[in-house]
2 protein chains.
Amino acid sequence: VSVTYPRGFRAAGTAAGLKESGRPDLGVLVVDETAAAAGAFTTNAFPAAPVSLTKAHLSTGRARAVVVNSGQANAGTGDAGLDDANEIVEAAAAALGCNADDVLVCSTGVIGPRIAVGRVRSGLDAAAASLSEDGGAAFAEAILTTDLRPKLATAESDGFRVGGCAKGAGMIAPRLVPHGLATLLTFVTTDAAATPELLRRIVSERVVPVWNGVTVDGCQSTNDTVLVLASGAAEGPADEADLADAIEAVCRDLARQLTAEAEGATKTIVVQVDGAADDEAARRIGVAVAGSDLVKTAVFGGDPNPGRILQAAGDAGVAVHPRRFHASLGGAPVIQGGVVLEPPAAAKQALEGP
Amino acid sequence: VSVTYPRGFRAAGTAAGLKESGRPDLGVLVVDETAAAAGAFTTNAFPAAPVSLTKAHLSTGRARAVVVNSGQANAGTGDAGLDDANEIVEAAAAALGCNADDVLVCSTGVIGPRIAVGRVRSGLDAAAASLSEDGGAAFAEAILTTDLRPKLATAESDGFRVGGCAKGAGMIAPRLVPHGLATLLTFVTTDAAATPELLRRIVSERVVPVWNGVTVDGCQSTNDTVLVLASGAAEGPADEADLADAIEAVCRDLARQLTAEAEGATKTIVVQVDGAADDEAARRIGVAVAGSDLVKTAVFGGDPNPGRILQAAGDAGVAVHPRRFHASLGGAPVIQGGVVLEPPAAAKQALEGP
């Protein structure tokens with residue numbers, strides 16, 4: 001399951017003592033041969049130390065290992081935090097027998113506190129000793145913070161497999177740019193053979209649009225990171241379109257799991273936008289409606305209030321022609337040509353579900 | 001008090017039957033001689049019918065009357081809503097004996113339902129008969145929706161007076177542009193003599209920045225309107241800077257009242273931003289921090305969580321240099337050079353107040 005479903009990957013998770021609860025808090029993912037790698041990162045003006053370091057290490061388009069700790073975000077920690085991230089990377093390289101440049105690092109947890117690097121060092125030794133082809137579940141467990149459970153997804157196509165896991169429950173409203181995502185963490189692996197350029201294109205065109213369409217609380221974290229690694233351990237070449245489809249499908253699966261289990265969430269709002277000028281306009285309108293506090297309270301209260309949908313869509317920063325704007329709830333029309341209708345019973349019923 | 005504190009204005013408020021509660025819901029403000037007038041309006045893509053009509057009528061820079069109803073927003077009502085707004089304006093012109101072009105109209109309330117124009121017509125006759133120089137309080141009462149009480153403010157300077165009232169408790173996060181604001185309604189009057197051009201400059205440079213720095217729930221209404229009217233009934237000329245200062249002071253006073261009494265509010269967050277590149281950058285950072293759900297929950301819970309301030313400031317869409325970013329809570333430093341500090345006791349105490 002998870003990131004070890006594709007061939008060529010091993011993983012582990014361990015409790016290094018970074019969380020007061022004593023729960024697992026250190027995950028390690030390694031690839032047997034150097035993997036092609038691409039990523040996307042938070043656009044917050046205060047990126048966490050591991051974000052800066054991982055962006056730099058990704059410039060080669062290659063990676064051997066990913067180290068992830070939960071408990072502390074290593075954000076808002078200044079130069080000392082950058083030193084800590086570097087020390088963790090070097091300790092991982094030593095424990096795993098690879099170059100430090102080939103290690104990617106992610107952190108998630110409280111912003112501000114330093115990471116206990118000594119504990120990470122011991123934890124890395126323990127994790128290195130327990131790496132296995134069945135370690136994906138332990139890895140996915142170790143990266144959690146306030147999540148209720150791990151988010152896991154897999155897909156396969158002609159000759160190759162894709163696996164992934166994600167964490168994230170609060171401070172979620174990513175506006176990622178490729179090579180630059182947080183505290184959404186998403187890891188996708190595949191055993192397809194892929195160049196770094198192909199992975200970057202898939203991240204840009206297929207992965208980022210999925211995650212940037214997600215909002216929990218409107219707050220983009222300092223740590224958001226999405227990484228995609230391709231081991232090439234599958235036999236034969238993968239069709240590029242099939243690979244892109246499979247990676248997007250895994251991300252969509254993870255995104256649905258993440259929103260369903262977000263901090264305090266009782267319902268999930270899915271907004272389908274048709275006929276927008278372009279995908280970005282559609283994304284903005286969707287996120288504006290799903291992220292509106294007034295729409296959320298209306299949905300929570302089971303009261304279809306189409307005026308709030310109108311307000312939110314009109315406030316998305318996108319040019320909208322009122323006469324051409326229509327909306328429906330659960331298939332029942334509630335706004336027609338910019339005119340708010342009396343919501344039919346079906347609209348109210350649509351709000352009763354999860 | 002309120003909009004009738006300056007000389008040359010009369011006002012009234014009445015219950016026209018638009019609110020199910022039977023509370024006052026129709027306010028009329030008239031100026032004895034034609035007033036210079038300027039305004040600012042919502043930038044929501046679905047402006048309410050009265051917003052469109054008032055913008056058109058303001059093009060002359062002159063006005064004789066303002067008609068405001070609460071109960072229905074006349075937004076999301078399409079062409080029929082525009083017809084209703086026009087009918088109200090014409091009925092007001094007839095009842096008050098002025099040109100329809102000189103009547104400005106505002107609505108606030110539920111989005112979607114049509115206004116009962118027949119009731120407005122009867123209400124206008126009653127209001128016209130009760131107009132008085134002491135009517136400002138009744139006017140301010142009639143424009144309320146979920147507000148706990150009217151927001152009133154006055155100022156005076158050498159030879160002139162300024163008065164104002166506002167309403168707004170929810171769906172408040174204006175991003176007004178001059179000549180184009182919502183369901184914030186603000187009315188400012190002065191008996192200073194002023195040209196429409198001067199009023200427009202004051203609206204643009206002094207009034208809009210105050211209101212665009214306010215957020216309750218992050219949702220910009222379809223109806224936000226700010227109007228400033230100058231009767232010229234004071235003796236002698238007013239100093240332009242003094243007039244601008246007095247109008248800004250009245251708006252600040254109203255804005256503090258509005259945020260303190262916002263829907264469900266138990267605390268007010270005031271963010272002071274120093275050293276930003278420009279006023280707009282400062283405004284964006286301030287609104288991003290004050291409007292963050294994670295900062296709001298931290299403040300509500302009395303837990304100074306500087307990491308959330310860092311996250312929000314970094315997510316304002318403004319270039320920020322982490323090393324030059326400092327923050328304090330109640331005077332106690334909590335972020336220094338981008339590094340989150342252990343919050344001192346004073347920071348926690350600062351969250352205990354209102």
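Treat the numbers as computed from the prediction; the structure is a model and nothing was measured.

Cut-offs and rules
- Residues numbered from 1 in each chain as written.
- Chains lettered and ligands numbered in written order.
- Predicted model: local features only at pLDDT ≥ 70, side-chain atom pairs only at ≥ 80, totals over all residues.
- Heavy atoms only, no water.
- Pairing = 2+ DSSP bridges.
- Helix = DSSP H or I, 4+ residues; strand = E, 2+ residues; numbered from the N terminus.
- Contact = heavy atoms within 4.5 Å.
- Buried area = accessible area lost by both parts, 1.4 Å probe.
- Salt bridge = Lys/Arg side-chain N within 4 Å of Asp/Glu carboxyl O.
- Buried < 20%, exposed > 50% of the residue type's maximum accessible area, 1.4 Å probe, protein only.
- Least-squares fit on C-alpha atoms with pLDDT ≥ 70 in both.
- Polar contact = N/O pair within 3.5 Å; in protein donor to acceptor, adjacent residues only side chain to side chain.
- Axes fitted to C-alpha atoms, helices over the stretch in contact; angles between N-to-C directions.
- Parallel < 35°, antiparallel > 145°, perpendicular 65-115°, else oblique.
- Left-handed = near helix turned anticlockwise from the far one by under 90°.
- Nonpolar A, V, L, I, M, F, W, Y, C, P; charged D, E, K, R; others polar.
- Phe/Tyr/Trp six-rings, centres within 6.5 Å; stacked < 30°, edge-to-face > 60°.
- Lys NZ or Arg CZ within 6 Å of the ring centre and 35° of its normal.
- Right-handed = clockwise from strand over helix to strand, strands pointing away.

Draft legend 1. Structural context of the sheet that holds strand β10 (residues 327-329) of chain A. Residues and elements named next belong to chain A. Here we have three strands laid out as an open sheet, ordered β10-β11-β12, and antiparallel in their pairing. Every other strand in the sheet has two partners, leaving β10 and β12 (339-340) as the edge strands with one partner each. Two elements, β10 and strand β11 (residues 332-336), share three bridges in a ladder whose sense is antiparallel. Paired with Ala327 across the strands is Ile335, a residue of β11.

Draft legend 2. View of the interface of chain B and chain A. In this complex, chain B contributes 36 residues to the contact, which on the side of chain A involves 36 residues. When the two sides are added together, the surface that chain B and chain A hide from each other amounts to roughly 2,800 Å², 60% of it contributed by carbon and sulfur. If you sort the residues of chain B by the area they bury against chain A, Phe46(B), Gln311(B) and Asp315(B) come out on top, with a joint share of 22%. Joining chain B to chain A, the criterion identifies two salt bridges.

Draft legend 3. Examining helix α1 (residues 49-57) of chain B more closely. Those residues of α1(B) that sit buried are Ala49(B), Pro50(B), Val51(B), Leu53(B), Thr54(B) and His57(B). Taken together, the buried residues of α1(B) touch β2 (26-41), β3 (62-72), α2 (78-96), β4 (103-110) and β9 (225-230) of chain B.

Draft legend 4. Structural view of the environment of Val1(A). All names here are of chain A. By secondary structure assignment, the location of Val1 is in the segment before β1 (9-14). For Val1, a relative accessible area of 56% puts it in the exposed group. Each C-alpha atom of the pair Val1 and Cys165 lies 9.1 Å from the other, and the pair is 164 residues apart in sequence. Contact partners of Val1, with chain neighbours within four places excluded, come to Gly136, Ala137, Leu152 and Thr154.

Draft legend 5. Representation of unusual backbone geometry within the structure. Residue and element names in this part refer to chain B. Phi at Ser2 takes a positive value of approximately 60 degrees, unusual for a residue other than glycine. Mapped onto the secondary structure, Ser2 falls in the segment before β1 (9-14). Classification of Ser2 as buried rests on a relative accessible area of 0%. The phi dihedral of Asn74 falls on the positive side, at around 50 degrees, and the residue is not glycine. Position of Asn74 relative to the elements: it lies in the loop between β3 and α2.

Draft legend 6. Here's a closer look at the relation of the copies chain B and chain A. Superposing chain B onto chain A takes a rotation of 180 degrees plus a shift of 0.0 Å along the axis, which leaves an RMSD of 0.0 Å. With respect to symmetry, the two chain copies, as superposed, fit the operation of a two-fold axis. The C-alpha atom lying nearest the rotation axis in chain B is that of Asp293(B); the distance is 4.6 Å.

Draft legend 7. Molecular detail of the pairing of strand β8 (residues 185-190) of chain A. Residues and elements named next belong to chain A. Among the six residues that make up β8, six are buried, leaving the element largely enclosed by the rest of the structure. Burial along β8 is two-sided: Leu185, Phe187 and Thr189 and Thr186, Val188 and Thr190, pointing in opposite directions, are all buried. Judged from the six bridges that link them, strand β6 (residues 160-167) and β8 form a sheet pairing that is antiparallel. Looking at β8, one finds that Cys165 is bridged to Phe187.

Draft legend 8. Spotlight on the side chain of Ser70(B). Residue and element names in this part refer to chain B. Structurally, Ser70 can be placed in strand β3. A polar side-chain atom of Ser70 sits 3.3 Å from a polar atom in the side chain of Lys19. Looking at Ser70, its side chain comes within polar contact range of the main-chain oxygen of Leu144, at 3.4 Å. With near-sequence residues (within four places) excluded, Ser70 lies in contact with Leu18, Lys19, Pro24, Asp25, Thr108, Ala142, Ile143, Leu144 and Thr145.

Draft legend 9. Layout of the packing of helix α7 (residues 279-291) of chain A against helix α9 (residues 306-314) of chain A. Residues and elements named next belong to chain A. Relative orientation of the contacting elements α7 and α9 amounts to 135 degrees, with a least axis distance of 8 Å. Judged by the angle between their axes, α7 and α9 are oblique. Crossing of α7 against α9: the hand is right-handed. Contacts between α7 and α9 pair Ile285, Ala288 and Val289 from the former with Ile309, Ala312 and Ala313 from the latter. Considered class by class, the residues forming the contact of α7 with α9 number six nonpolar, no polar and no charged.

Draft legend 10. View of the pattern of salt bridges. Counted according to the given criterion, the structure contains 31 salt bridges over all chains. In this structure, Arg323(B) and Asp79(A) form a salt bridge, with 2.8 Å as the shortest nitrogen-oxygen distance. Residue Arg323(B) is found in the loop between α9 (306-313) and β10 (327-329), and its partner Asp79(A) is found in helix α2 (residues 78-96); the two belong to separate chains. On the basis of relative accessibility, which here comes to 60%, the residue Arg323(B) falls in the exposed class. Classification of Asp79(A) by relative accessible area gives partly exposed; the value is 42%. Put simply, Lys151(A) and Asp147(A) hold a salt bridge, and the shortest N to O gap is 2.9 Å.

Draft legend 11. Main features of the sheet that holds strand β12 (residues 339-340) of chain B. All names here are of chain B. Strand order in the open sheet formed by three strands is β10-β11-β12, with antiparallel pairing between adjacent strands. This sheet does not close on itself; its edge strands, each paired only once, are β10 and β12. Contacts between α9 and the sheet are confined to β10, β11 (332-336) and β12, with β11 contributing the most and set at about 55 degrees to the helix.

Draft legend 12. Expanded view of the packing of aromatic side chains. All told, the structure shown has four aromatic pairs over all chains when counted by the stated rule. Centre to centre, the rings of Phe325(A) and Phe46(B) are 4.9 Å apart; their planes meet at 55 degrees, and the pair counts as tilted. Note that Phe325(A) is positioned in the loop between α9 and β10 and Phe46(B) in the loop between β2 and α1, a pairing that runs across two chains. Judged on exposure class, the residue Phe325(A) and its partner Phe46(B) are both buried. Seen from their ring centres, Phe139(B) and Phe187(B) are 5.4 Å apart, and the 75 degrees between their planes marks the pair as edge-to-face. Owing to a relative accessible area of 0%, Phe139(B) belongs among the buried residues under this scheme. Given the relative accessible area of 0%, Phe187(B) is considered buried. Positioned over the ring face of Tyr5(A) is Arg161(A), at 4.8 Å from the centre of the ring.

Draft legend 13. Structural view of the side chain of Gln72(B). Residue and element names in this part refer to chain B. The topology assignment puts Gln72 in strand β3. On the basis of relative accessibility, which here comes to 11%, the residue Gln72 falls in the buried class. Within the structure, Gln72 has its side chain in polar contact with the backbone oxygen of Leu18 (distance 2.9 Å).

Draft legend 14. Inspection of the pairing of β4(B) at higher detail. Residues and elements named next belong to chain B. Burial of β4 is extensive: six of the eight residues sit out of reach of the surface. Relative to β4, β3 runs parallel, the two sharing eight bridges. Looking at the pairing, Val66 lines up with Leu104 of β4. Crossover handedness for the path β3 to α2 to β4: right-handed.

Draft legend 15. Local environment of the packing of α2(B) against helix α3 (residues 117-129) of chain B. Residues and elements named next belong to chain B. Orientation of α2 relative to α3, taken along the N-to-C sense of each, is 25 degrees, at an axis distance of 9 Å. It follows from the interaxial angle that α2 and α3 lie roughly parallel. In this structure, α2 crosses over α3, and the sense of that crossing is right-handed. On α3, the residues touching Asp84, Glu87, Ile88, Ala91, Ala92, Ala95 and Leu96 of α2 are Val117, Val120, Arg121, Leu124, Asp125 and Ala128. Looking at the contact of α2 with α3 residue by residue, the classes come out as nine nonpolar, no polar and four charged.

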